[in-house]
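Listed here are the chains, written in short residue letters.
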Amino acid sequence: MNLPEELMIQAASNFITGLFNNVWSGIKDAPKWMVEQYNKNDPFGIEGKKYAEFILSKYNNMRIFGMSKPVSLSDIYINVKILEDISSNKRSPVDILELLDKQDKNVEIDVNTISGIQLIKQTDFSMVLGKPGAGKTTFLKYLSLQCIKNKFHRQMIPIFISLRDWVDSTISIEDFIFLQFSDCNFKDSKLFVSGLLEAGKCLILLDGYDEVNEKSDQVVKDINKLVERYKKNKYIISCRLSANTHVFEHFTEVEVADFGNVQIEAFISKWFENDVKVAKNCWEELNLIENKGIKELAKTPLLLTLICLAYRETLSFPSNRAELYEDALDALLKKWDSSRSIKRDNIYKKLTVRKKELLFSRIAAFYFKRKQIFFAEKELIRQIHSFMENLIPDKYKDNPGQVLKSIESQHGLFVERAHKVYSFSHLTFQEYFTARYISESTNSNEIEELINNYLFNRRWAEIFILSSTLLPEADKFLIKIREHITKITLDRIALKLFLDLDSVVNKKYGYPVPILRAVALQYLLRILIKNNNSAQLRTVITLTEELIKELFQSYKIYIDRDLVEIQVLDLGSAVSRKKIDEIVLDLKYEWVKGFIDKLDIYLYSTQIFVRCMLADCYIDKTLRENLLCYFLKEPWESKNAYDKKLCKVLLPDHENDSIKNSD
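Residues numbered from 1 in each chain as written. Predicted model: local features only at pLDDT ≥ 70, side-chain atom pairs only at ≥ 80, totals over all residues. Heavy atoms only, no water.

A few points about the packing of aromatic side chains
Step number 1: Counting across every chain of the model gives 27 aromatic pairs.
Step number 2: A ring pair is formed by Tyr 325 and Tyr 432, whose centres lie 6.3 Å apart and whose planes are at 85°; its orientation type is edge-to-face. With Tyr 325 in helix α16 (residues 321-338) and Tyr 432 in helix α20 (residues 427-440), the pair connects residues that are 107 residues apart, well separated along the chain.
Step number 3: With a relative accessible area of 0%, Tyr 325 lands in the buried category.
Step number 4: Tyr 432 gets classed as buried once you look at its relative accessible area, which sits at 0%.
Step number 5: Ring plane angle 85° and centroid distance 4.9 Å describe the contact between Phe 368 and Trp 460, whose orientation is recorded as edge-to-face. A residue pair is termed long-range when its members are at least 10 positions apart, and Phe 368 in helix α17 (residues 353-369) and Trp 460 in the loop between α21 (446-454) and α22 (461-470) qualify at 92 residues.
Step number 6: The buried category is assigned to Trp 460, whose relative accessible area is 1%.
Step number 7: Every member of this aromatic cluster is reached through a ring pair, and the members are Tyr 325, Phe 360, Phe 366, Tyr 367, Phe 375, Phe 414, Phe 424, Tyr 432 and Phe 433.
Step number 8: It is Arg 458 that lies over the ring of Tyr 604; its NZ or CZ is 4.3 Å from the centre. (Phe/Tyr/Trp six-rings, centres within 6.5 Å; stacked < 30°, edge-to-face > 60°. Helix = DSSP H or I, 4+ residues; strand = E, 2+ residues; numbered from the N terminus. Buried < 20%, exposed > 50% of the residue type's maximum accessible area, 1.4 Å probe, protein only. Lys NZ or Arg CZ within 6 Å of the ring centre and 35° of its normal.)

Focus: the packing of helix α12 (residues 261-271) against helix α13 (residues 276-286)
Between two packed helices, what matters for the description is the angle formed by their axes and the separation of those axes.
Step number 1: Here α12 crosses α13 at 145°, and the two axes come no closer than 8 Å. Crossing angle aside, the handedness with which α12 passes α13 is right-handed. The segment α12 lies against α13, with Asn 261, Ile 264, Glu 265, Ile 268 and Ser 269 engaging Ala 279, Cys 282, Trp 283 and Leu 286.
Step number 2: Across the contact of α12 with α13, the residue classes tally to six nonpolar, two polar and one charged. (Axes fitted to C-alpha atoms, helices over the stretch in contact; angles between N-to-C directions. Left-handed = near helix turned anticlockwise from the far one by under 90°. Contact = heavy atoms within 4.5 Å. Nonpolar A, V, L, I, M, F, W, Y, C, P; charged D, E, K, R; others polar.)

Details of helix α25 (residues 513-528)
The periodicity of an α-helix, 3.6 residues per turn, causes residues three or four positions apart to be oriented the same way.
Step number 1: If you check α25, its first and last C-alpha atoms are 23 Å apart, about what 16 residues at 1.5 Å a residue would give, namely 22 Å.
Step number 2: Burial runs high along α25: twelve of the 16 residues are buried.
Step number 3: Considered for burial, the residues of α25 that qualify are Pro 514, Ile 515, Leu 516, Arg 517, Ala 518, Val 519, Ala 520, Leu 521, Gln 522, Leu 524, Leu 525 and Leu 528. (Expected span 1.5 Å × (residues − 1).)

Quick look at the state of the cysteines
Step number 1: For the structure on display, the rule yields zero disulfides.
Step number 2: No disulfide involves Cys 147; its sulfur sits 8.7 Å from that of Cys 202, the nearest cysteine.
Step number 3: Cysteine Cys 617 is unpaired, with the sulfur of Cys 612 as its nearest cysteine sulfur at 6.9 Å. (Disulfide = S-S within 2.5 Å.)

With respect to the packing of α12 against helix α15 (residues 301-314)
Step number 1: α15 packs onto α12 with a crossing angle of 45° between their chain directions and a minimal axis gap of 11 Å. It follows from the interaxial angle that α12 and α15 lie oblique. For the pair α12 and α15, the crossing hand works out as right-handed. Where α12 approaches α15, its residues Ile 264, Phe 267, Ile 268 and Trp 271 are matched on the opposing element by Leu 304, Thr 305, Cys 308 and Leu 309.
Step number 2: A breakdown of the residues in the contact of α12 with α15 according to their chemical character gives seven nonpolar, one polar and no charged. (Parallel < 35°, antiparallel > 145°, perpendicular 65-115°, else oblique.)

Here's the deal with the confidence of the model for the protein chain
Step number 1: Looking at the protein chain as a whole, the pLDDT averages 80, with 81% of positions reaching at least 70.
Step number 2: A low-confidence stretch, residues 104-108 (pLDDT under 50), is modelled with eight contacts involving residues beyond four sequence positions or located in other chains.
Step number 3: Scored below 50 in pLDDT, residues 652-663 shows ten contacts in the model against residues more than four places distant or in partner chains. (pLDDT = per-residue confidence, 0-100.)

Overview of the pairing of strand β6 (residues 157-162)
Step number 1: The element β6 is largely enclosed, with a buried count of six among its six residues.
Step number 2: Residues Ile 157, Ile 159 and Ile 161 line one face of β6 and the alternating positions Pro 158, Phe 160 and Ser 162 line the opposite face, and both faces are buried.
Step number 3: Note that β6 and strand β7 (residues 202-207) share six bridges and pair parallel. The residue of β7 that forms the bridge with Ile 157 is Cys 202. (Pairing = 2+ DSSP bridges.)

Observations regarding the sheet that holds β7
Step number 1: Strand order across the open sheet formed by seven strands is β4-β3-β9-β5-β8-β7-β6, with mixed pairing between neighbours. Single-partner strands in this sheet number two, and they are β4 (113-115) and β6. Strand-to-strand, the axes of this sheet are offset by a mean angle of 30°, without reference to chain direction.
Step number 2: By the bridge criterion, four bridges tie β7 to strand β8 (residues 234-240) in an arrangement that is parallel. Bridge assignment links Leu 203 to a residue of β8, and that residue is Lys 234.

Focus: helix α18 (residues 377-389)
Step number 1: An ideal rise of 1.5 Å per residue puts 18 Å on 13 residues; α18 measures up with 18 Å between its terminal C-alpha atoms.
Step number 2: Here α18 has its buried residues at Glu 377, Glu 379, Leu 380, Ile 384, Phe 387 and Met 388.
Step number 3: Here the buried face of α18 lies against α17, β10 (375-376), α19 (400-410), β11 (414-418) and β12 (421-424).

Okay, structure coming up:
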């Protein structure tokens, strides 16, 4: 045992012993043993120390999901924020529309919250609700530790009760509380603890109301009876959001808020406390635009834990994000409850995990195609009913409304955002399941519809990237994307621009030609924007900058980009500068209405194309190299035999003829 822990136990035992002494003085007609105990030199010191050791050993060291050994709660805990208004009680879906819209832009939402400690100071009876993995149990354990450290304005003894353990014990809740003190050297713990309760000196933490299943009615009666008898104490009950089917008479319902940026960064910092540099890199990478979906999951503490574990393995996030999302879903659908030996009354237990995932995929795709990320309860229930009807009718007779509530309470995949208004708990999950539906569908032309209808829709970007990694082989998928991009370039100005880019770059330094073209385009656009500082042009420049970064990543080149620009454009040469000036002048005159839009779409869709290949999809090596080569250079411009063959794949013959004629 190290010195800080010894000091912690000593301070806690001193505090608890003092409370025991105060309670003893208030007990009338104390038995002889208690009088003798108090007359000793160290009244209740042994008992106080034993209870302090009990609380610290049981609740300070905890096993974090996915970790091989326990960690200190004091070292890893992040302050919980509490929503003052329950999300599902909101009557207007307008709030949800605004919130989700801002989430899509990766902007943190301002909501009314208070700290968890502040809640305890303000309220004597609290029902703390939250999604699976939101940190409810951890919060209650943390309160136990804070309590014995005398961090509250009112001195109290913490009594932590796992409601599932109590129900399994088959004894009364009072006897279960007395049992907590049975190993603390008391000759009659019942008498003494009754004195504590009657004096209002206890913080009673009742954890996991959602875990008592079929005995919930009796649990409610027993808890209400306990509260009525010992009203002077503070009580906190934790429960999953949708599992709160009863109203506890005296309790105020509050909700655990998602982690915000400050909490996520603090958690990462504590997680990697032995390596500040790794923690800093992890936080910075999490904020990259390509990791937006991962950061969305990080708002849930359980999933943030998985994210940190994944980052620790390779010191980077996986290029195939679908694998990380699958791990997160595996935790929510199977491992989170089983890791704590919880068996729930599963209303839809006849559905295998595979069937559940198929259900989620169908619902996700149905709503995403309708541009919906939140949906009415009645319609969602109809979707569940339709799915289950298509299975063997006699086998699946569950009430679809109860199935919805079961999904919400057990897995947290659906969340009631407002009164009878639902969404997936994370937009990332809806995107992932939509991609699953598209990549696994065998009865329709989902892939073709995806490319034809949504390639240029920025809202669908993540669906394309995830689909490329979920497909067993992505060759045809990427060729079809490239074909669709190619059709955009059937424009005289675009074709001339691509040829001009090749004419001004210097290839003697050995950089891949696609990088040379991208650097040249960026330089030209920067000159152009001096005379045409439009929002569209700024967007195109940003896209070009992002593409250069991704091309560097594709070719595994790590060198200063400014140096590349100086070298490949030969800016020290008067001839090169003259060529560049001529191209810029041509663009100024040729910058007809609509071309900037085409260039924007071309660069955006090419970026999606490059990101698909960077996402660890399976594709023929030669095809990958050749497809990547045609960034800002279409295959019909080449005389190479392979290029001509690829050109026939990408464009029908009549379109090739039309290009020749357009010149």
